[in-house]
Structure formats: structure tokens, C-alpha cells
Amino acid sequence: MKELLDFEAFREGPEAEGLVRRVRELVDGPTALMEVCGTHTVAIGRAGIRSLVPEELRLLSGPGCPVCVTPLGEIDQTIEAARRPDVTVATFGDMMRVPGSESSLERERAAGADVRVVTSALDAVKLASEEPSREIVFIGVGFETTSPTVAAALLEAERRDVPNVSVFPFFKLVPPALEFLVGVPDRALDGFLCPGHVSSIIGSNAYEPVAREAGIPCVVTGFEPLDILAGIVMLLEQVRDVRSGGAARVETQYSRAVRPEGNPTARSLLDETFDTADAEWRGIGAIPASGYVLSQDLMHRDAAAKLGIERPEPAEPEGCICGAIMLGRKLPGDCPLFGTDCTPRDPVGPCMVSSEGSCAAHFRYEHRRST
Amino acid sequence: MCLAVPGLVREVDGTRAKVDFGGITREVELSLLPDTAVDDYVLVHAGYAIEKVDRESALETMRLFREMAEAADRGRSEPDGTDV
Ligand code: SF4
Ligand code: SF4
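J.: I'm lost on the overall build of chain B in this one. Help?
T.: Counting its regular elements, chain B contains one helix and five strands. Each helix and strand of chain B, placed in order from N terminus to C terminus, yields the pattern β-β-β-β-β-α. A separation of at least 24 residues holds for 29% of the contacts in chain B among residues at least 6 apart in sequence. Put simply, chain B shows about 4200 Å² of open surface, and 51% of that area lies on carbon and sulfur atoms.

J.: Any chance you could explain empty space enclosed by the protein here in plain terms?
T.: Where empty space is left in the structure can be found by rolling a water-sized probe over the atoms. All names here are of chain A. Tallied over the entire structure, the rule returns five cavities of 30 Å³ or more. As a volume, the largest cavity reaches approximately 80 Å³. In terms of lining residues, the largest cavity is bounded by 13 residues, among which Cys320, Cys322, Cys335, Cys342 and Cys359 are the most central. Looking at the lining of the largest cavity residue by residue, the class counts come to twelve nonpolar, one polar and no charged. Quantified by volume, the second largest cavity comes out at close to 70 Å³. Considering the residues around the second largest cavity, the lining is formed by Arg50, Leu59, Leu60, Ser61, Ile325, Gly328, Lys330, Leu331, Pro332, Ser358 and His362. For the lining of the second largest cavity, the element with the highest residue contribution is strand β2 (residues 57–61), accounting for three residues. For the lining of the second largest cavity, the residue count by class is five nonpolar, four polar and two charged.

J.: What is the right way to read the site of ligand 1 from this model?
T.: In the neighbourhood of ligand 1, the contacting residues comprise Cys65, Val67, Cys68, Val69, Pro350, Cys351, Ser354, Glu356 and Gly357 of chain A. Here the residues of the shell around ligand 1 sort into six nonpolar, two polar and one charged.

J.: For this particular structure, what's the right way to read the packing of aromatic side chains?
T.: One pair of aromatic rings is described through two measures. These are the centre distance and the angle between the planes. The tally for this structure, following the rule as stated, stands at eight aromatic pairs over all chains. Counting every residue linked through ring pairs, the aromatic cluster contains Phe171, Phe274 and Tyr292 of chain A.

J.: Looking at this structure, I do not really get the packing of helix α1 (residues 15–26) of chain A against helix α11 (residues 225–243) of chain A. What am I missing?
T.: Packed helix pairs are characterised by how far apart their axes lie and by the angle those axes make with each other. Residue and element names in this part refer to chain A. α11 packs onto α1 with a crossing angle of 25° between their chain directions and a minimal axis gap of 9 Å. Judged by the inter-axis angle, α1 sits roughly parallel to α11. α11 is crossed by α1, and the crossing has left-handed handedness. Mapping the contact onto sequence places Glu15, Ala16, Leu19, Val20, Arg22, Val23 and Leu26 in α1 and Leu226, Leu229, Ala230, Ile232, Val233, Leu236, Glu237 and Arg240 in α11.

J.: Would you take a moment to explain the sheet that holds strand β5 (residues 135–140) of chain A for this structure?
T.: Residue and element names in this part refer to chain A. Judged by pairing direction, the sheet is parallel, and its four strands sit side by side in the order β4-β3-β5-β6 without closing on themselves. Of all strands in the sheet, those bounded by a partner on one side alone are β4 (115–117) and β6 (165–169). With direction set aside, neighbouring strand axes in the sheet form an average angle of 25°. Relative to β4, strand β3 (residues 87–91) runs parallel, the two being bridged by three bridges. Pairing of Thr91 across the sheet is with Val117, part of β4. Running over the sheet, helix α6 (residues 121–130) touches β3, β4, β5 and β6 and is turned about 175° from β5.

J.: Explain the environment of Ile321 of chain A to me, please; I cannot follow it from the model alone.
T.: Residues and elements named next belong to chain A. Residue position: Ile321 is located in the loop between α13 (303–307) and α14 (322–326). Between the alpha carbons of Ile321 and Gly283 there is a distance of 7.9 Å; along the sequence they are 38 residues apart. Here Ile321 is in contact with Lys330, Leu331, Asp334 and Cys335, once residues within four sequence places are set aside.

Rules of the game
Residues numbered from 1 in each chain as written. Chains lettered and ligands numbered in written order. Predicted model: local features only at pLDDT ≥ 70, side-chain atom pairs only at ≥ 80, totals over all residues. Heavy atoms only, no water. Helix = DSSP H or I, 4+ residues; strand = E, 2+ residues; numbered from the N terminus. Contact = heavy atoms within 4.5 Å. Areas by Shrake-Rupley, 256 points an atom, 1.4 Å probe, with all protein chains shown as cover. 1 Å grid on protein atoms, 1.4 Å probe; cavity = no way out; pocket = protein on both sides within 12 Å on 5 of 7 lines; lining within 4 Å. Points joined across faces, edges and corners; volume = space filled by probe spheres on them. Nonpolar A, V, L, I, M, F, W, Y, C, P; charged D, E, K, R; others polar. Near = heavy atom within 4 Å. Phe/Tyr/Trp six-rings, centres within 6.5 Å; stacked < 30°, edge-to-face > 60°. Axes fitted to C-alpha atoms, helices over the stretch in contact; angles between N-to-C directions. Parallel < 35°, antiparallel > 145°, perpendicular 65-115°, else oblique. Left-handed = near helix turned anticlockwise from the far one by under 90°. Pairing = 2+ DSSP bridges.

Set out below in C-alpha cells:
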């Protein structure tokens, strides 16, 4: 039997100090790098990486959490589904506390709604075959890491002929968001730390347009502190090249789990299950071709159509600057509500809800450090 | 949300596998990674194996960490501090 690989080696070691020194050497002027993955945001916060790098290097957190960027109207749709007596809502736990316009799934469950937390979309299919008299509605949130698992579960429901399971396809796609973020005016952005696990599915080639057409260096990075430091070093080396006239490119620090072409089985499953569509990102607005709808053959699995639930247009909470934060224009500390009226215990905006939200990660790891 | 955890495949039975996460064994779906075999390292997300973890490039990455760290050391030892 094989022994387990020692992944601890990526976590710390004598290399960490050298990598930090290398980062310090490479920063020779104001530089802004953005990570667009909540798991990166948390890892950067937990390892205290911001406090190790020079002040001129700004590490910005983009729209990294699919929970955070789910529009209020979509949350309200899931709440309306939960209120139907013959419906069971199955969801990843992150969605429970996200406030809709006047309730949350957690509050609905306390009031008697049948809302169940699952760890896999396949659990929803299992529930449906065990309870044929109920409609099981799965809330499909996530980027390209998660959407193929939901696609696989839906196709499993088709194969096993389980009719009473449907999905809200609220998925978001990363490369169109990056292309959009590049075009945001009034904000300098020198490079992207690209999400490792999204890239395991879509492949590093997916960022070629961002690097080539928009001229922004991209480095696909893993999640351990040394991975992130090494990813920052690779980005800074590219930034230096670009500033002296070189071309931006896509590089992969996380080559142990990312191929240039990604995972072909998962990609073809996505193609089979979904069609690309424009999508609304909370705090940001509509981004072209950045979401999914179910393909024609699977339209009967669309929860909103099946249950006849329209999407309302609710108002965003007053004073919250999540949108500006996710666009890289502001930092969480710039928000007047941060840490006073808005805390993880009592969140006002979406970025304070999930532990991967930029405000929540900032509150937990960096606010405390500086106070 | 996009968290995925590496584990070692101990058994394969059709589209299901038993995966060892440092002592804890879980059942994992293989439909997104159909050519998975015993002794493969896989990344697992939301109950599904989504990609293999390549042992050789993991070791290569560790070598790279050392190289980058050493580049910093060389930079430091140069009196005018110019780039290496
Ligand atoms: S905390 Fe922010 S990034 Fe995370 S799910 Fe919520 S809104 Fe998205
Ligand atoms: S601190 Fe709260 S209100 Fe302010 S931007 Fe963050 S989530 Fe929104």
C-alpha cells in the first residue's frame, strides 16, 4: 500500500522566509494583484500574508465566493421554494445564513420549512428517490469546481429516472468575470492569482484571452501558504517583464492538479448539461456569458420553471460597498460599517456572510491583528 | 466553496471509490474522473473526484520553492541589490 504524500511540505518550511524575501525584492512600485477565489482569500488571511509583503503590494480580493455574488432576488426565490409545503430545499451549508430581502433559509427552517444541508448534489438525488412524494430542490451555487458535480448528479437523476429533483442553476463562471474585471475603469490591476480548483476543471488555457488580449499576467495557484507565496513571486516576475515591454502570459504554479486543458470529462459534462448565459453578480451587475441555464434537454429540471417562481427585484442594503470591494476599488476597512454595524455575527452585506467573503476574512484575520 | 481536498484512492468499485484522507476514509464518486485507479491521488470536491494530483509535479513544485528562495538569497548577497 502506498504511503500518503506529505502535503505538509507545502504548508511551511525553510523556503517560506526566502519566498517572502523574494517578494520584497520584486516589488519596486505600487502593484495590485487580485485573487478571485474565496479559498485563496481565506488562505492569505490565515497565513497573514498581507502583513509579510511590502505595503506597495496590494492584495485585492475579487468576487471570490459564489455565495456572496448570488443576487438577493435569487436568494428570495430559494426562500419562496422552501415555503411550499411539498418542497424540500437541499443546499450546501453556506447558503443557510445568507440574508434575502426579508428572511434566510435558516430562519425559514426554524419556522418549519423543510431545508436540509447536504455536502453533495448527489445527496439531493438520493433524497428524491427515498421521498418520491416530495419535490427536492437543490440550490446550484458555485464556480466551475462545483457545477460539474451538480451536472453529474442531474444526469444521474435522468439515468435512474428520478423525476422529483430539480435545481436552481445559479452557477457563475470565472474567465468571463476576469475579462469583465480587467475592463473596470479607475482601477489599476497588475495580475490575477487564478483559482486552482476551478482551473482543475477548465484548465489553465481558459485564461489565455485575459493574458493575451488584456495583457494581464495570470498565475494559477494552489492553496497552501508556500503555493500562494510562490504564485505571487511568479506574478511579480511577470509584472516586471510586462512593465519592461514583455507580453503577459498564463503560468501554472499548481501544476500538480491543473492541466492546460483541464478535466475533459467534466468539461463535456458541463457542455451537455448547461448552456452559457448572461448572469447577474450581486454587487457587480450583469456580466455577459458568465452563468449557466439548463440545456434544452434538461429544462424540466429547472426549479424556478417547475415551481413557477419568478425572480423579484429587491433593494440592496444601504451603505454596503461590497460591489466596490469585489471590483478591487476599495478594501473592506474602507467601509464605514465594517466591524461596527457589520460583523460576521450580524452581517449587513454579502461579503460578511460566508467565511470566504472578503469582509469576513478581513474581519477574522486582519482587523483583529491590527487592533 | 471551491475547497477540494487531496486523498489516496484505496479501492475502486465501478464509479465509486474509497478514498483515504490521512486516516479518514470516505466514499467518492468517480464519474468526473473515470480513469481513476487504486493508488492514484485525487482532489475531492463535494463528493466527487475532480482531478488527479500528480506526484511528480508535486515534487517538482517543492524543488521550485527552494529555487525561488535561493534566488532571493543570491539577490541579497549582491552588494548593490540588483535583480538576479
Ligand atoms: S462572503 Fe463574499 S465572496 Fe463569500 S460567498 Fe459571501 S459574498 Fe461571496
Ligand atoms: S463591511 Fe459589511 S456593509 Fe461594508 S462592504 Fe463589507 S459586507 Fe458590505
